[in-house]
Structures are given as structure tokens and as C-alpha cells.
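Okay, here's what each chain looks like letter by letter:
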Amino acid sequence: MATVIGVRFRNAGKLYYFDPGSLWPTAGDSVIVETVRGIEYGEVVTGVSEIADELITPPLKNVIRIATAEDTAHEKDNRSREGSAMEICTQKIEEHKLPMKLVRCEYTFDNSKILFYFTSDKRVDFRGLVKDLASIFRTRIELRQIGVRDEAKMLGGLGMCGRPLCCTTFLGDFQPVSIKMAKEQNLSLNPTKISGVCGRLMCCLKYEEDHYETVRRKMPRLGKDVITPDGRGTVTDLNILRETVRVRIPKGDETEIREYPVADVRRLSPPDNESEGRRKPSRPSQESDDEHTEIVRALEEEDGFNEDEALLEAEVLLEDENASNGGEE
């Protein structure tokens, strides 16, 4: 176990651990710490505590001091100078005609380095730009290319929910998000409805995914016959959040749809010839084998890959595509 404090350098930035030494800063205090970038000014998020050694990325740097009023004034001065540095860098980018979009500028606390963050669709040769900026600012210049998610995190904004972006307010690290999560939650697969302002899948798709996966394992599949308190019926709809199942029950010459808690619905036992296990889905015909392989390979990249489910989903996708093409093979 190691005694540490958690420090954050920008809003919703990643949490870093430091050795407090003989100091005893509390949450909300500002501290001066030593980092790989140099001397930095940060805010204490978690006070002195003990954590497991495996959660620490060595070496564990020390806290130099608790920030004074002079340190805070110097940090504010650095922040005020970032705006003019952005304007100068933008002008130089235009002069060099570089295909890059400047996102943010940061001064290190000790003014030993200026960092410029930018986005670009390809690699950029910015050596000439660095020389020009170094001659103007008379300090070390570092340009870092970032992704669109990091750009949204730095710039901020409002999501489609009307609230500030999660990545700007509280997310420290980005979690992997896949289209499988949207399918699992029965969301529209329209990219404009499940994508954030960054153009990537919304981070909030990950929040309830564990609950959906757990509940779905207890529920029957759509279209399957089940036994209910009112007799045998066919599953027509699943409500994951309420954990209920809608079942079509035969009533003479008509049918009636009723809703039951998942605990009141019992799956039918498999036939004797399938008692040894579920039948594996057969592979598609030779004509679509290459396309089938590509779909399975793409599904294999998703978290929680299951070969049987991947083969079945690949066949469904191929059948849907054939149907949309008028049944042509």
C-alpha cells in the first residue's frame, strides 16, 4: 500500500497520484507538483489515502508544496497568456498552409514549455512551424495531435440531453463504446441519434450496458414460446428496465397480449434431440462465405465476443441484405 493524493490538472482531466510526503493537503487545495512535463499547478481531488501498489504508475512523484497566493496568481497569468499564444499559432499555421486545426494551448507552470493541441486527418510535418513559434516565445514548443473525442473534451459543449458533455464534466478516461451496445438497448441505429458532438458513439451508451446484459440473460428471446400463469404464449416484446415480458396468449380464435414480470415467465424445455446443447448455426453458402467471414471478423473485435452469437448475427445480417436486394444471391 502507498500513501497518495489524487491531483487533477484540468477540468475532468485524468486523475494522477502523487506522494504527499510530510504535507497534508485536503480535497479542494491547490498544489505544486513535479510531473514528466515539468513543474505543474493542480487541484487536489482526493485527500491523503492509501491505495494498492498495482494502481500506481511508477515512479511516484512528490508534491513540492501547497500552492501559495503567488502561485495562484502566476497560474492565472499563464492562463491569460494562452489566448494570445493561440492567435499567434493560428496565424503561423495559415502562413505555413498546414492541414491542422488548433484546439488548445497550455503553458506549464514554470513556463519551461508551451503545448499546442491540434487535430488533423493525416500526419503533419510541422517542423517549420515549431521553429517559428520557438523564435517568438523563446521557450520549448511541443505540438500534440489529438483525436476528435479529446477535442470535444477540451472545448466542451452540450449534448443532445441538454446537459454539459460528460467528458467535460466528470469523465476522466474514455471507455470503449461499440454499436453492439446500442443494439442491446434497442436504440435506433441512426448515427445522428447515437453519436455525440464529437461524431463518435455517445459515451453514455456504456453506462447501463452491464445492467442490460445481466437482465437479458434472464429473459427469453423474442419470438420464442414460453409458459405464463395464463398458459402458453409467444414473446412479442421485452422491457429491460422494468424487467417485464409481453406475451401473445391465444384466446380461442383470437389472441391477447399481456405483460408479465420476467420471474413469472418460464422458457420451454428444448426438444430431446436438442437436449445436448443448442444447435450451432450453419455457415452460409459458398457464394457468401467471404462476406460472412468479414462480418464475423468485424464482430470478433467487439467486447464479449461469442463465436456462436457472431455466426448467428452474421447470418442475420446477410439475410437482411439479401432481402433488401430482392432476394438475389
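Computed from a prediction, not measured in an experiment: that's the story for all the values here. (Residues numbered from 1 in each chain as written. Predicted model: local features only at pLDDT ≥ 70, side-chain atom pairs only at ≥ 80, totals over all residues. Heavy atoms only, no water.)

Peer 1: Is there a simple way to think about the overall build of the protein chain in this case?
Peer 2: When helices and strands are tallied, the protein chain shows nine helices and 13 strands. Counting only residues that meet the buried cut, the protein chain has 33% of its 329 residues in that class. Here the protein chain has roughly 20,600 Å² of accessible surface; of this, 48% comes from carbon and sulfur atoms. (Helix = DSSP H or I, 4+ residues; strand = E, 2+ residues; numbered from the N terminus. Buried < 20%, exposed > 50% of the residue type's maximum accessible area, 1.4 Å probe, protein only. Areas by Shrake-Rupley, 256 points an atom, 1.4 Å probe, with all protein chains shown as cover.)

Peer 1: Honestly, the sheet that holds strand 8 (residues 140–145) in this entry has me stumped. Any pointers?
Peer 2: Backbone hydrogen bonds hold the strands of a sheet together, and the pairing may be parallel or antiparallel. Strands sit in the order 6-7-8 across an open sheet of three strands; the sheet is mixed. At either margin of the open sheet sits one strand with a lone partner, and together these are strand 6 (101–107) and strand 8. Direction aside, the axes of adjacent strands within the sheet are offset by 20° on average. Across six bridges, strand 7 (residues 113–119) lies against strand 8 in parallel orientation. Counterpart to Lys 113 in the pairing with strand 8 is Arg 140. In the packing of helix 1 (residues 69–96) onto the sheet, the strands contacted are strand 6 and strand 7, and the crossing angle to strand 6 comes to about 145°. (Pairing = 2+ DSSP bridges. Axes fitted to C-alpha atoms, helices over the stretch in contact; angles between N-to-C directions. Contact = heavy atoms within 4.5 Å.)

Peer 1: Looking at this structure, I do not really get unusual backbone geometry. What am I missing?
Peer 2: What you tend to see is this: most non-glycine residues have negative phi, and most peptide bonds are trans. Even without being glycine, Lys 97 reaches a positive phi, approximately 55°. Looking at the secondary structure, you find Lys 97 in the loop between helix 1 and strand 6. Even without being a glycine, Arg 138 presents a positive backbone phi close to 55°. Tracing the chain through its elements places Arg 138 in the loop between helix 2 (127–137) and strand 8. A relative accessible area of 71% places Arg 138 in the exposed class.

Peer 1: Mind showing me how you'd approach helix 7 (residues 209–218) here?
Peer 2: Note on helix geometry: an α-helix contains 3.6 residues per turn, so any two residues three or four positions apart are oriented the same way. Where helix 7 is concerned, the buried positions are Glu 209, Tyr 212 and Val 215. The arc that holds the buried residues of helix 7, viewed along the axis, is 135°, so those residues lie on one side. Turned more than 90 degrees off the buried face of helix 7, the exposed positions are Asp 210 and Arg 217. For helix 7, the secondary structure elements touched by its buried residues are helix 5 (179–184). (Arc of directions from axis to C-beta.)

Peer 1: Explain the confidence of the model for the protein chain here, please?
Peer 2: In low-pLDDT regions, the fine details of the predicted coordinates are not to be read closely. Of the residues in the protein chain, 81% have a pLDDT of 70 or more, and the chain-wide mean is 81. Across residues 272–277 the pLDDT falls below 50, and counting only partners more than four positions away or on other chains, this stretch makes zero contacts in the model. (pLDDT = per-residue confidence, 0-100.)

Peer 1: What exactly am I supposed to notice about the packing of aromatic side chains here?
Peer 2: Two descriptors summarise a pair of aromatic rings, namely the distance from one centre to the other and the angle between the planes of the rings. The full count for this structure, using the stated rule, is five aromatic pairs. When the centroid spacing of 6.0 Å and the interplanar angle of 20° are considered together, the rings of Tyr 41 and Phe 109 count as stacked. Of this pair, Tyr 41 sits in strand 4 (residues 38–51) while Phe 109 is found in the loop between strand 6 and strand 7, placing the two residues 68 residues apart along the sequence. In this structure Tyr 41 comes out as buried when scored by relative accessible area, which is 13%. Aromatic pair Phe 116 and Phe 137: ring centres 6.3 Å apart, planes at 45°, arrangement tilted. Taken together, the positions of Phe 116 in strand 7 and Phe 137 in helix 2 put the pair 21 residues apart, joining distant regions of the chain. Note on accessibility: Phe 116 and Phe 137 belong to one class, buried. (Phe/Tyr/Trp six-rings, centres within 6.5 Å; stacked < 30°, edge-to-face > 60°.)

Peer 1: Quick question: what am I supposed to make of the sheet that holds strand 2 (residues 16–18) here?
Peer 2: Judged by pairing direction, the sheet is antiparallel, and its five strands sit side by side in the order 2-1-4-3-5 without closing on themselves. Both outer strands of the open sheet, strand 2 and strand 5 (63–66), are each paired with one neighbouring strand and no more. Averaged over all pairs of adjacent strands, the angle between strand axes in this sheet comes to 45°, irrespective of strand direction. For strand 1 (residues 2–8) and strand 2, the ladder comprises three bridges, and the chain directions are antiparallel.

Peer 1: Explanation requested: the pattern of salt bridges in the structure shown.
Peer 2: When the charged atoms of two side chains lie near each other, side chains of opposite charge can form a pair. Tallying each qualifying case throughout the model produces 18 salt bridges. We note a salt bridge from Glu 40 to Arg 37, for which the minimum N-O separation is 2.6 Å. Summarising the burial analysis for this pair, Glu 40 and Arg 37 share the class buried. The salt bridge involving Asp 77 is made with Arg 81; its shortest N-O contact spans 4.0 Å. Highlighted residues: Asp 77 and Arg 81, both in helix 1, separated by four residues, approximately one helical turn. Each of the salt bridges in this network shares a partner with another, and the network as a whole consists of Arg 37, Glu 40, Arg 104 and Glu 106. (Salt bridge = Lys/Arg side-chain N within 4 Å of Asp/Glu carboxyl O.)

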